[in-house]
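Residues per chain are reported as follows:
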Amino acid sequence: MKLRMSLPEKPGWIFVVPGFDFIALLLALVLLTGVVAREGWVEIKLPPSEFRGIRMGEQNPVFVILQSTPSGPLYYLANKKVPRHQLAERIAQEAQKRETNVVGIRIDQKATASERQELINIIAGLEYRIIEGIRQVGEAGGDEP
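Structural notes, computed from the coordinates. Treat the numbers as computed from the prediction; the structure is a model and nothing was measured.

Calculation criteria
- Residues numbered from 1 in each chain as written.
- Predicted model: local features only at pLDDT ≥ 70, side-chain atom pairs only at ≥ 80, totals over all residues.
- Heavy atoms only, no water.
- Helix = DSSP H or I, 4+ residues; strand = E, 2+ residues; numbered from the N terminus.
- Buried < 20%, exposed > 50% of the residue type's maximum accessible area, 1.4 Å probe, protein only.
- Contact = heavy atoms within 4.5 Å.
- Areas by Shrake-Rupley, 256 points an atom, 1.4 Å probe, with all protein chains shown as cover.
- Polar contact = N/O pair within 3.5 Å; in protein donor to acceptor, adjacent residues only side chain to side chain.
- Core = buried A, V, L, I, M, F, W, Y, C linked by side-chain atoms within 4.5 Å.
- Pairing = 2+ DSSP bridges.
- Salt bridge = Lys/Arg side-chain N within 4 Å of Asp/Glu carboxyl O.

Describing the overall build of the protein chain
Across its full length, the protein chain carries three helices and five strands. Sequence-ordered secondary structure for the protein chain, helices as α and strands as β, is α-β-β-β-α-β-α-β. Expressed as a percentage of the 145 residues in the protein chain, the buried residues total 24%. Nonlocal contacts in the protein chain, meaning residues at least 24 apart in sequence, comprise 68% of its contacts between residues at least 6 apart. Carbon together with sulfur atoms contributes 59% to the accessible area of the protein chain, which is approximately 11900 Å² in total.

Encoded structure:
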């Protein structure tokens, strides 16, 4: 029994069409993997500026907040009020817990120079490095709106 074509004419190059589909698929895969490929990161180190602070990195400092009130200065450590006579001991404990030698101080704008200097003397007596910031502190130790 002989096979005959159902079409009266010869198909020509119709058997090549699946080959074109295969090549188109390969081309699409190559193009898409180039777009999806992960790009390398570039680190940009900007120079220091008066408008941008210094990154703390791995220092993990202890922050002490000084708030000036009419009844006297208030000290906050880890968002908890600390009496002045316990301040040095609590700073040392917190620094040991964080394994750091850096203490950051945030001082109310209304604080006097003598209150500021007293806090600096307490921290300097413990031989820690001091970084300082100034902020306006509200009634309960938080920022004013």
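This is not the end of the story, as more comes after the structure.
Some details on the side chain of Thr100
Looking at the secondary structure, you find Thr100 in the loop between α2 (87-98) and β4 (102-108). The class of Thr100 is buried, set by a relative accessible area of 12%. Polar side-chain contacts of Thr100 include one of 3.2 Å to the backbone nitrogen of Val102. Apart from the residues within four sequence positions on either side, Thr100 is in contact with Gln59, Asn60, Pro61, Val62, Ala95 and Tyr128.

Describing the nonpolar core
Of all hydrophobic cores here, the largest spans 18 residues; its most connected members are Val64, Leu87, Ile91, Val103, Ile105, Leu119 and Ile123. Taken together, the elements giving at least two residues each to this core come down to β1 (62-69), β2 (72-77), α2, β4 and α3 (113-125). Residue contributions to this core peak at four residues, all from α3.

Quick word on the pairing of β1
With seven of eight residues buried, β1 lies mostly within the body of the structure. Of the pairings in the sheet, the one linking β1 to β4 comprises five bridges and is parallel in character. When the bridges of β4 are listed, Ile65 appears paired with Arg106. As judged from the six bridges shared by β1 and β2, these two strands associate in the antiparallel manner. Considered in β2, the bridge of Gln67 is made with Leu74. Hairpin connection of β1 to β2: two residues between the antiparallel strands.

Side note on the pattern of salt bridges
Across all of its chains, the model carries four salt bridges by this definition. We note a salt bridge from Arg84 to Glu118, for which the minimum N-O separation is 2.5 Å. Remark: Glu118 occurs in helix α3 and Arg84 occurs in the loop between β3 (80-82) and α2; sequence separation between them is 34 residues. By relative accessible area, Arg84 is classed as partly exposed at 41%. Put simply, Arg98 and Glu94 hold a salt bridge, and the shortest N to O gap is 3.0 Å.

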